[in-house]
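Residues per chain, in single letters:
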Amino acid sequence: MNLSSEQKMLVETVRRFVENELLPLEDEIEETGRLAPEKARALFEKSMANGLYAMNIPEEFGGGGLSAVDTMLCEEQFGHAKDILIRRAFGNVYETLLVGTPAQHERWLKPAVRGERTFSIAITEPGAGSDAASIKTRAVADGQGGWKISGTKHFISDGEFSDFFMVSAVTDPDKGPKGISLFLVDKGTPGFTIGRDQKMMGLTGTSHVELAFDEVPVGPENLLGGEGQGFRLILETLGRVRLGQVGARAVGKSVRLLDLMVGYAKERKQFGKPIGDFQMVQQMIADSVIEINAARLMVLDAASAIDAGRDARDKIAMVKVFAAETLGRVADRAVQVFGGMGYCAEMPIERMYRDARIYRIFDGASEIHRMVIARSAMKHGEALFGTY
């Protein structure tokens, strides 16, 4: 893909910011398990000053107004850094809020774009992971136009830092997925509590908390996108999130790993010559190069479909599987090429290997997306995989 001069400048600006401001903080986060608040604030201020915060949101709401393709170009660069650093430097403003009312835009969206408020999506439950339609959290009408939410959520990323949440709840249990709605719930609302931080194998520094709702009162102003529209919004508007935060970032992480791998293969000598001269190492490098380029093209193809107004859900499912599994393979090869040093916590390879593992699980496990793709192929045939 040939980038315009503006796109090249955008990519280079983000790349420099990541390299100069984010990557130097990674060792400290791994050692302490947190990003110091003053450093998080400094990242935010520098990003805002450079126009890099909430770039995915349209300009009319104060964002950068980037297209889907341009957003993915940035997301790939974001992927070089740790999750917590991406969140603090570039924001985590989901496009789902765009479907809100003007009043909701003023109360939740615009403050989030300005960095005054932060939020998380609360969909996952102990019994509802990849199967988002099986949630048990209920929102019962209170007879006065509002609802009372009861239930639990878990694995809610950045929940400790967030001050409001986009919560899925069943409003009509007789309608299946069409009976699910989304609500915007502020931290501190009576009956709403933040539970324990569930420690993870990777993603150090990002909290993953449990949420508990005990008849939490919400009004009609908290309902996002209309009653019964929650599952549709999850499938439609979160697709772009999945494409960027999983697909494009997986490509970025793979690029960083391969760059480290190639550098080490040229410098590390065994039996009197660089290990990069050995065919087995060359195969690992070559396979990584091929798969990364293929994954990137798949990401940009899906993004182009979004910009053209076409349904990109099948393409995004394919990206989710291929990019996530590419990252897993590249991370594994990197450990192998680095040998003992790749397994050593002193090197970034070890933590990147741990971080990579979740990509095949969150936002729908690979097995679920393969099922979606197969069903679509059975339904649409060659339209899904044939000629244009």
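Here goes a summary of the coordinates provided. Residue positions are given per chain, counted from 1 along the sequence in the order it is written. Selection of residues for local features in this predicted model requires a pLDDT of at least 70, selection of side-chain atom pairs for listing and counting requires 80 or more, and totals for whole chains, interfaces and linings are taken over all residues. Remark: hydrogens and water are excluded; side-chain values derive from all non-hydrogen atoms of the structure.

**What about the layout of surface pockets?**
- For the second largest pocket, the calculated volume is near 710 Å³.
- The method works on a 1 Å grid over the protein atoms by themselves. A cavity is a set of points holding a 1.4 Å probe that cannot get out, a pocket is an open set with protein on both sides within 12 Å along at least five of seven lines, and residues with an atom within 4 Å of a point line them. As for the second largest pocket, its lining consists of 36 residues, of which I84, R88, D158, F161 and G205 are closest to the centre.
- Where the lining of the second largest pocket is concerned, the elements lending two or more residues are helix 3 (37-49) and helix 5 (83-90).
- In terms of residue count, helix 3 provides more of the lining of the second largest pocket than any other element does, four residues in total.
- Residue classes in the lining of the second largest pocket are distributed as 12 nonpolar, 13 polar and 11 charged. Grid points are joined across faces, edges and corners, and a volume is the space filled by probe spheres set on the points. Only DSSP runs of H or I covering at least 4 residues are called helices, and only runs of E covering at least 2 are called strands; the numbering of each starts at the N terminus. Classification convention: Asp, Glu, Lys, Arg as charged; Ala, Val, Leu, Ile, Met, Phe, Trp, Tyr, Cys, Pro as nonpolar; all other residues, Gly among them, as polar.

**Brief notes about the packing of aromatic side chains**
- Here a Phe, Tyr or Trp ring, Trp counted by its six-membered ring, pairs with any other such ring whose centre lies within 6.5 Å, and the pair is stacked when the planes are under 30 degrees apart, edge-to-face when over 60, and tilted otherwise. Enumeration over the complete set of coordinates arrives at 12 aromatic pairs.
- Consider the rings of W147 and F183, whose centres lie 5.2 Å apart with planes at 65°: the pair is edge-to-face. With W147 in strand 3 (residues 147-157) and F183 in strand 5 (residues 180-186), this pair connects stretches of sequence that are 36 residues apart.
- Throughout, exposure labels follow a simple rule: accessible area from a 1.4 Å probe, protein chains only, divided by the maximum for the residue type, with under 20% read as buried, over 50% as exposed, and the rest as partly exposed. A relative accessible area of 0% places F183 in the buried class.
- In textbook terms, an aromatic cluster arises when at least three aromatic residues are bridged by ring pairs, as seen for Y94, W108, F119 and F164.
- Cation placement over rings: the criterion is NZ of Lys or CZ of Arg within 6 Å of the ring centroid and within 35° of the ring normal. For K273, the ring lying beneath its charged end belongs to F278, and the centroid distance is 4.8 Å.

**A look at helix 1 (residues 5-22)**
- A helix is expected to reach a length of 1.5 Å times the quantity of its residues less one. Compared with the 26 Å implied by 1.5 Å per residue over 18 residues, the 25 Å span of helix 1 between its first and last C-alpha is a close match.
- Taken together, the buried positions of helix 1 are Q7, L10, V11, V14, F17, V18 and L22. Down the axis of helix 1, the buried side of the element spans an arc of 130°, and every buried residue falls inside it. Pointing more than 90 degrees away from the buried face of helix 1 are the exposed residues S5, K8, M9 and N20.
- Two residues form a contact once any of their heavy atoms are found within 4.5 Å. Tucked into the core, helix 1 has its buried residues touching helix 2 (26-32), helix 3, helix 4 (68-78) and helix 5. In this description, one arc is meant: the one made by directions from the helix axis to the C-beta atoms.

Shape descriptors only; they carry no functional weight alone.
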